[in-house]
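Reading the structure
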Protein chains: 4
Amino acid sequence: MVSGTHDKGGIMAGNTFGKALTVTTFGESHGTGIGAVIDGCPPELPLCEEDFVTEMARRRPGRGTYDSTRREEDRVEIFSGVFEGLTTGTPIALIIRNRDADSKPYEILQRLFRPGHADYAYFKKYRHFDYRGGGRASARETAARVAAGVVANKILVPLGVTVTAYTVELGGVKASSIDLNTMDQSPFFCPDLAASKKMEAVMKEKKSLGDSLGGIVEILATGCPAGLGEPVFDKLDAELAKAVMSVGAVKGVEIGSGFEAARLTGSQNNDPLGRNGFVSNMAGGILGGVSTGAEILLRAAVKPIPSIHQPQDTLDREGNPATLELSGRFDVSAIPRIHPVLEAMVKLVLADHYLRWKTIID
Amino acid sequence: MVSGTHDKGGIMAGNTFGKALTVTTFGESHGTGIGAVIDGCPPELPLCEEDFVTEMARRRPGRGTYDSTRREEDRVEIFSGVFEGLTTGTPIALIIRNRDADSKPYEILQRLFRPGHADYAYFKKYRHFDYRGGGRASARETAARVAAGVVANKILVPLGVTVTAYTVELGGVKASSIDLNTMDQSPFFCPDLAASKKMEAVMKEKKSLGDSLGGIVEILATGCPAGLGEPVFDKLDAELAKAVMSVGAVKGVEIGSGFEAARLTGSQNNDPLGRNGFVSNMAGGILGGVSTGAEILLRAAVKPIPSIHQPQDTLDREGNPATLELSGRFDVSAIPRIHPVLEAMVKLVLADHYLRWKTIID
Amino acid sequence: MVSGTHDKGGIMAGNTFGKALTVTTFGESHGTGIGAVIDGCPPELPLCEEDFVTEMARRRPGRGTYDSTRREEDRVEIFSGVFEGLTTGTPIALIIRNRDADSKPYEILQRLFRPGHADYAYFKKYRHFDYRGGGRASARETAARVAAGVVANKILVPLGVTVTAYTVELGGVKASSIDLNTMDQSPFFCPDLAASKKMEAVMKEKKSLGDSLGGIVEILATGCPAGLGEPVFDKLDAELAKAVMSVGAVKGVEIGSGFEAARLTGSQNNDPLGRNGFVSNMAGGILGGVSTGAEILLRAAVKPIPSIHQPQDTLDREGNPATLELSGRFDVSAIPRIHPVLEAMVKLVLADHYLRWKTIID
Amino acid sequence: MVSGTHDKGGIMAGNTFGKALTVTTFGESHGTGIGAVIDGCPPELPLCEEDFVTEMARRRPGRGTYDSTRREEDRVEIFSGVFEGLTTGTPIALIIRNRDADSKPYEILQRLFRPGHADYAYFKKYRHFDYRGGGRASARETAARVAAGVVANKILVPLGVTVTAYTVELGGVKASSIDLNTMDQSPFFCPDLAASKKMEAVMKEKKSLGDSLGGIVEILATGCPAGLGEPVFDKLDAELAKAVMSVGAVKGVEIGSGFEAARLTGSQNNDPLGRNGFVSNMAGGILGGVSTGAEILLRAAVKPIPSIHQPQDTLDREGNPATLELSGRFDVSAIPRIHPVLEAMVKLVLADHYLRWKTIID
């Protein structure tokens, strides 16, 4: 009696993030555009369209040598929730129209699954999906997250919280020192300029081969008060892990000493407390799921971009073997365009947890 | 006008996990007991108290040489939701009473913060908390998760899904081969018996020094159908990351090639598709946040137990430096007692996502 | 240490409705426009912009003698979630731009609170809000609900569910018979044409006095399968009550025999079961919070429009007494423009509960 | 491939209520017992088991002439979340064991559906359910709500909020005056003692006939600050409507002038504002979904108890006509035992919304 159509349905499609401060994103890479609705933002915060320009530009493609050549202005339109330059406490809808969406190179995706991409899984789940440019799975979706992060930041700035992402590894080259003052001089926002030079060489080489590269991004949050996070399932580190892992290219996340902690003893990994607080920060600023007031430090493992200019073995929708040769505009690495996305996700978690526990005890 | 009392309040305390299948846990280490309410479980699944015995025994302390000597029977009482041996679709409340709760060794915690533990962060957040045995932050809370995992498993078994955790690294010793058939012969459920022997030596040494050890646990889910997970924020890997990271001792989580992916090129990290599906499994069974039908593979970095028998620098509640010398019953490592907890969290995520998307297409 | 700005914040602002099928609305009466994001809609349902025209027209002002003269085309733009004419299972963003928004008459609202409106309560809650045309509290917000209801209806139609609202009382005149075939001949969609004539006379009179009128709307859902609704808090009638009461003008809601049940005995109010199911329908199609398969019947009490053209005693923002004389474009009654809004809310609840419990047993 | 067993499953079974302060109830009428988990309660509120005695006694059966003779002590055990007499901010689990559960009279329910009860709808939804004493649909479930309301009250008392329910109609007899000081002298907590006498006569008569009676309960909340409630879907009145309608016997709910508003004009129904605030209270203390600071007033229509001692036409599980003759212990009316339940639901909504918007301005 019930139409089979519905039975295929995915439910609770999980496009909303957060509890007190919620973000719902929508839109496809090659549709009309993308957007976000932020609900739960306090009233009386100053917000205007210019506030989005810098962050959107950091994520936007088409600036550097190793980026896709797609040109998107990524202008954010504030559709609602702001009156006379101030937030009103009502939902803030942000809209970003697609402009330079060239669907041509994606026609092949009507037939073939791209290795390393969502195509195969989506086909199994939905049958019908927008294959153009990856549709909802496209990195373009992250522009809506960056825009939402700008709003979250408006909540964090008065608290003195800053969130900064930087590259600590790229194509196998590790940063061996970290001087955040120099990172802007690196095309990858790597705070070790010597390492950055080596990264550049690897990037050039892989680009010439039509291949791509992964890396590791560290995210540092300073000024975060003690007390954020909930003790059991909604631990601050658990929520950050979900936030960071929900970014498409991320395959691993660690807090503080992270995987290295697995090789240490308790006496090495515990942070002693002295008169000025924690003497070390192996914990990465979070204990028992609650922020301690120390710097919050996490790292994300970013996989190499799956779209490469080399032929790949795959299947077509009927299950027949085929060879995929992609043309189109691809980045060599998700780094550094992923930085503002990761920062935005961290900001959203911190602002959400701040609003979930509004009164910070000193 | 508003009482300051409330302003200290944490809200949405995050003791509920899942969307379609929800688990709410409660209870403290040294209170009356702990428990869980599972809501959203389908009706007509067979469930009785005996079903919990094996899993609870795997997590229970006091069995091995390297465990705490606390003795808990950990009998699970089915308080509601089951009638004539079958679930009814109504909430399943599970209760586990504390028996051997010796609060004596914890009196010192009224005064001093334990490095590596939640004490300091909790004090900043709540002021008033149950310090005995770590209260809500205690590993004892995980018994409720294991019990809930037994219920989740009842949903997964008819689908042919199995979830298995095993040790791949302990105290710096790595497993170099994986033969799951042998893991039961290892006290750490390490599937490389030669490595297990070396792990045992390290464990003995650290135990004698009153120190503790971390390690890495791999969790393998087989038989999971394609289509689980939602494309954006509720990606299956993001939800698994949160689930695993919400277990107290975990400091890092990775899926498939994980942090190694950061060092690979796209042509190395992409899994080609052949006539029989994926030729490799660098993705760990998840692409674009959706399961592909391949094995799901993730790893958790487990930090060394922070309770050690060595003197540690710390502060008292008034902020004065002090030396903490803990007596009490501590494990040398959270491994392998953490295995059933990690399995339970993975089962809860898979069952939840299965119920969120009930009709599996082929 | 914490900025006072945030402390004024409302959180979890409640602009999302539903669990499996969620609707998030945004926008203000006199801002850029309004909109809705529908998440959780199954894929492969046909949906195009023309599908919205009829329903939007039913709610749109400026058609009848007793309506506001504001002219809005209320064209719904499908911004995302539809590809090649079919839903994809991703979020469906709908956008409706404001066109004929004349803010002039609302300038007085910068100073004075309108009796019967949200102004005073909003001022107490937010201090800063968009007073133009009622901002978020405007009836205009309901256009987004009607649009969302069109999507919900796409889920219900294949199930054979229909939802119809009609007027059973207006300005004190009651319908004494109900013939749904005739309701389209009544300007108030009253299914008793004789009563409708009398209603028209009362409307004319009150309009000439600059006053307004309330009424009662009945909503009938047919074809709804047994089994929708959850036993305790999310009873189908409880969810319907919230849905209907969340429409601004509604002050009361009743199911089946409703308030009349308070005057009956059990032997009168119980519906006996016979070979063909329920012999009567005092229950209104819901027992124990779960649909029985009988027709679902509820009634909403709609208060008179608070905007009237008579002088009213009020206060200004400084607390000084003042007299409010409103100019502007007001309906005489929220009936019948509220009909499609109430239908939409009922459709959203039924579709949500259908997706929460996908498999209908026969 | 997927087991049919799961496909029957209800999901998101809706046993959790609230957002910032959540209550999850569990348990069946004739199982081990019932209970509630309250999450999100602020720390440092005094709470002990004696705090529950008075409220539980008000709901408990077996006190009056018109009550069921089931004897339940209804002792509430605080299982978690309280330490040294104060809440800790962690989940508060409350357990109430069933004692005098006589399942004998319910054996007939294995075969026959009771008119006016959930049996038929549950059978259609779950197939397998605990029929004894109504299982989860039993009024006994409301004991868990009353217990949770005691916790909510601990949040409201420091704010000066009081919530009081009283009978304004019973068996067709209406209270014509309201003097809350006298209500304790009425067996139905009717604040008009003359009316109460008449109600008593009707009750006696119907009891002798084996029939039952409905009525109307008014709930008054005083001291509630302006600013509670969210503008769109989570309007305070919408949430109250859901809360009240989620109590099994309630078939209608109205706020302020309620259904009467449908018969008034705008000039009659609007509350003018004077120097001391609202001059009247037709709005029932809520405008635009947000509390105004005036008294909150709502009414619930309570249907007659469906369990009666008269023969009723019904069906058996195979669909054959049958006559049901119930023995057992039934109340003549849900009034007044429903009072503490309705108060509890209102308290839960107010406390939840207070915590959702913690800082009350002024």
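Owing to the predicted nature of the structure, the values given are computational and were not obtained by experimental measurement.

1. Considering the overall build of chain A
Summing up its helical and strand segments, chain A has nine helices and 18 strands in all. A compact globule built from 362 residues would reach a C-alpha radius of gyration of about 21 Å, and chain A, at 21 Å, matches this within 12%. By principal-axis analysis of the C-alpha atoms, chain A measures approximately 65 × 50 × 45 Å. In chain A, once contacts between residues fewer than 6 apart in sequence are set aside, the share between residues at least 24 apart is 72%.

2. A word on the pattern of salt bridges
Oppositely charged side chains may form a pair once their charged atoms are brought near each other. Taken as a whole, this structure holds 88 salt bridges over all chains when the rule is applied. Across the pair A:Lys242 and B:Glu239 runs a salt bridge whose closest N-O atoms are separated by 2.8 Å. Of the two residues, A:Lys242 is situated in helix H6 (residues 236–245) and B:Glu239 in helix H6 (residues 236–245); the pairing between them involves two chains. Comparing A:Lys242 with B:Glu239, the two get one shared label, buried. One salt bridge in this structure joins B:Glu254 and B:Arg299, with 2.7 Å as the shortest N-O distance.

3. Some details on the relation of the copies chain D and chain C
Rotating chain D by 180° and translating it 0.0 Å along the rotation axis places it on chain C, where the RMSD comes to 0.0 Å. Classification of the inter-copy transformation places it as that of a two-fold axis. The position closest to the rotation axis in chain D is occupied by the C-alpha of D:Lys242, lying 2.4 Å away. The residues that chain D uses at the interface reappear at the interface of chain C in 98% of cases, marking a shared surface.

4. Some details on the interface of chain A and chain C
Bring the parts together and some accessible area is lost; that lost area is often taken as the interface size. The partner chain C presents 66 residues to the 66 residues of chain A that form the contact. When the two sides are added together, the surface that chain A and chain C hide from each other amounts to roughly 5,400 Å², 63% of it contributed by carbon and sulfur. In this assembly, chain A and chain C are joined by two salt bridges. Along the contact surface separating chain A from chain C lie six residue pairs in polar contact (both at pLDDT 80 or more). Looking at the side of chain A that touches chain C, the elements with two or more residues in it are helix H1 (4–7), strand E2 (22–27), strand E3 (33–39), strand E4 (77–78), strand E6 (86–87), strand E7 (92–97), helix H4 (142–156) and helix H9 (339–356) of chain A. Of the residues assigned to the side of chain A that touches chain C, the class counts are 30 nonpolar, 21 polar and 15 charged.

5. So, the interface of chain D and chain C
Across the contact, 113 residues belong to chain D and 111 residues belong to chain C. Summing the contributions of chain D and of chain C, the shared interface buries around 8,700 Å²; its carbon and sulfur component is 61%. When the buried area of chain D at its contact with chain C is split by residue, D:Phe233, D:Lys251 and D:Leu273 rank highest and sum to 10% of it. Where chain D touches chain C, the interface holds eight salt bridges. At the boundary of chain D and chain C, one finds 39 residue pairs in polar contact (both at pLDDT 80 or more). Of the residues assigned to the side of chain D that touches chain C, the class counts are 50 nonpolar, 34 polar and 29 charged. Strand direction decides the pairing type here: strand E11 (residues 250–255) of chain C and strand E11 (residues 250–255) of chain D, joined by three bridges, are antiparallel. By the bridge assignment, C:Gly252 is partnered in E11(D) with D:Glu254.

6. Here we look at the sheet that holds strand E2 (residues 22–27) of chain D
Residue and element names in this part refer to chain D. Spatially, E1-E2-E3-E7-E4 is the arrangement adopted by the five strands of the open sheet, whose pairing is antiparallel. Of all the strands in the sheet, just strand E1 (16–17) and strand E4 (77–78) have a single pairing partner and so form its edges. Where strand E3 (residues 33–39) lies against strand E7 (residues 92–97), six bridges are found, and the strand directions are antiparallel. In the strand pairing of E7, Gly-35 is matched with Ile-95. The strands touched by helix H4 (residues 142–156) within the sheet are E2, E3 and E7, with E7 carrying the most contacts at an inclination of about 140°.

7. Some points on the sheet that holds strand E16 (residues 296–302) of chain A
Taken in spatial order, the ten strands make up an open sheet running E9(A)-E8(A)-E10(A)-E16(A)-E11(A)-E11(B)-E16(B)-E10(B)-E8(B)-E9(B), and their pairing is antiparallel. The open sheet has two edge strands, strand E9 (173–174) of chain A together with strand E9 (173–174) of chain B, and neither has a second partner. Summarising the sheet, strand E11 (residues 250–255) of chain B and strand E16 (residues 296–302) of chain B pair through five bridges and their orientation is antiparallel. Following the sheet pairing, B:Ile255 is matched in E16(B) by B:Leu298. Packing against the sheet, H6(A) makes contact with strand E11 (250–255) and E16 of chain A together with E11 of chain B, and its axis sits at approximately 155° to E11(A). Against the sheet, H6(B) engages E11 of chain A together with E11 and E16 of chain B, with an angle of about 155° to E11(B).

8. A short note on unusual backbone geometry
For the bond running from A:Ile335 to A:Pro336, omega is 5°, close enough to zero to count as cis. Positive phi, normally seen in glycine, also occurs at D:Glu44, with a value near 70°.

9. Topic: helix H5 (residues 193–208) of chain C
Residue and element names in this part refer to chain C. The terminal C-alpha atoms of H5 lie 23 Å apart, and with 16 residues this matches the ideal 22 Å at 1.5 Å per residue to within 8%. Turning to H5, its buried residues number three or more, namely Ala-195, Ser-196, Met-199, Val-202, Met-203 and Lys-206. Each buried residue of H5 sits inside an arc of 120° when the element is viewed along its axis, so together they form one side. Of the residues in H5, the exposed ones pointing more than 90 degrees away from the buried face are Lys-197, Lys-198, Lys-204 and Ser-208.

10. A few points about the nonpolar core
In this structure, C:Ile38, C:Phe52, C:Ile338, C:Leu350, D:Phe52, D:Ile338 and D:Leu350 are the most contacted members of the largest nonpolar core, which totals 162 residues. When near neighbours in sequence (up to four residues on either side) are disregarded, D:Ile338 contacts D:Val217, D:Val247, D:Ala249, D:Val250 and D:Val302. Counting 161 residues, the second-largest nonpolar core is a separate cluster that includes A:Met56, A:Ala195, B:Cys190 and B:Ala249.

11. A look at the packing of H6(A) against H9(A)
All names here are of chain A. Closest axis-to-axis distance for the H6/H9 pair is 9 Å, and the angle between their directions is 145°. As H6 runs across H9, the sense of the crossing is right-handed. Taken together, the residues of H9 that come into contact with H6 (itself represented by Leu-236, Glu-239, Leu-240, Ala-243 and Val-244) are Leu-342, Met-345, Val-346, Val-349, Leu-350, Asp-352, His-353 and Arg-356.

12. Regarding helix H4 (residues 142–156) of chain C
Over its 15 residues, H4(C) runs 20 Å from end to end, which matches the ideal 21 Å to within 8%, given 1.5 Å per residue. With respect to burial, H4(C) is a largely interior element, 13 of its 15 residues being buried.

13. Some details on the packing of aromatic side chains
Tallying each qualifying case throughout the model produces 26 aromatic pairs over all chains. Ring geometry for B:Tyr122 and B:Tyr126: centres 5.5 Å apart, planes at 75°, overall edge-to-face. Taken together, the residues B:Tyr122 and B:Tyr126, both in helix H3 (residues 119–126) and four residues apart, mark about one turn of the helix. B:Tyr122 sits in the buried class, given a relative accessible area of 3%. Accessibility expressed as a relative area gives 2% for B:Tyr126, which makes it buried. Where D:Phe113 meets D:Phe123, the ring centres are 5.5 Å apart and the plane angle is 50°; that geometry is what we call tilted. Of this pair, D:Phe113 sits in the loop between E7 and helix H3 (119–126) while D:Phe123 is found in helix H3, placing the two residues ten residues apart along the sequence. Of the two residues examined, D:Phe113 and D:Phe123, each falls in the buried class. Among the aromatic residues, those joined into a ring-pair cluster are A:Phe113, A:Tyr120, A:Phe123 and B:Phe278.

14. Things to note about the confidence of the model for chain A
Residue and element names in this part refer to chain A. With 90% of its residues at a pLDDT of at least 70, chain A reaches an overall mean of 89. Contacts from residues 1–12, a stretch scored under 50 in pLDDT, to residues over four places away or in other chains number 50 contacts. Here the predicted complex scores 0.94 on pTM and 0.94 on ipTM.

15. Remarks on the environment of B:Val150
Within the fold, B:Val150 resides in helix H4 (residues 142–156). Setting aside anything within four residues of it in sequence, one finds B:Val150 in contact with B:Asp51, B:Phe52 and B:Glu55.

16. Section: the side chain of D:Lys303
Here D:Lys303 shows up in the loop between strand E16 (296–302) and strand E17 (312–315). Here D:Lys303 sits buried without a salt bridge, and the closest side chain of opposite charge, C:Asp271, lies 7.5 Å off (N-O distance). Polar side-chain contacts of D:Lys303 include one of 3.0 Å to the backbone oxygen of D:Gly116. Among residues more than four places away in sequence, those in contact with D:Lys303 are C:Ala261, C:Asn269, C:Leu287, D:Gly116, D:Leu213, D:Gly214, D:Ala249 and D:Lys251.

What counts, and where the lines are drawn
Residues numbered from 1 in each chain as written. Chains lettered and ligands numbered in written order. Predicted model: local features only at pLDDT ≥ 70, side-chain atom pairs only at ≥ 80, totals over all residues. Heavy atoms only, no water. Helix = DSSP H or I, 4+ residues; strand = E, 2+ residues; numbered from the N terminus. Rg over C-alpha atoms; globule rule 2.2 N^0.38 Å. Contact = heavy atoms within 4.5 Å. Salt bridge = Lys/Arg side-chain N within 4 Å of Asp/Glu carboxyl O. Buried < 20%, exposed > 50% of the residue type's maximum accessible area, 1.4 Å probe, protein only. Least-squares fit on C-alpha atoms with pLDDT ≥ 70 in both. Buried area = accessible area lost by both parts, 1.4 Å probe. Polar contact = N/O pair within 3.5 Å; in protein donor to acceptor, adjacent residues only side chain to side chain. Nonpolar A, V, L, I, M, F, W, Y, C, P; charged D, E, K, R; others polar. Pairing = 2+ DSSP bridges. Axes fitted to C-alpha atoms, helices over the stretch in contact; angles between N-to-C directions. Expected span 1.5 Å × (residues − 1). Arc of directions from axis to C-beta. Core = buried A, V, L, I, M, F, W, Y, C linked by side-chain atoms within 4.5 Å. Left-handed = near helix turned anticlockwise from the far one by under 90°. Phe/Tyr/Trp six-rings, centres within 6.5 Å; stacked < 30°, edge-to-face > 60°. pLDDT = per-residue confidence, 0-100. Lys, Arg positive; Asp, Glu negative; His and termini not counted.

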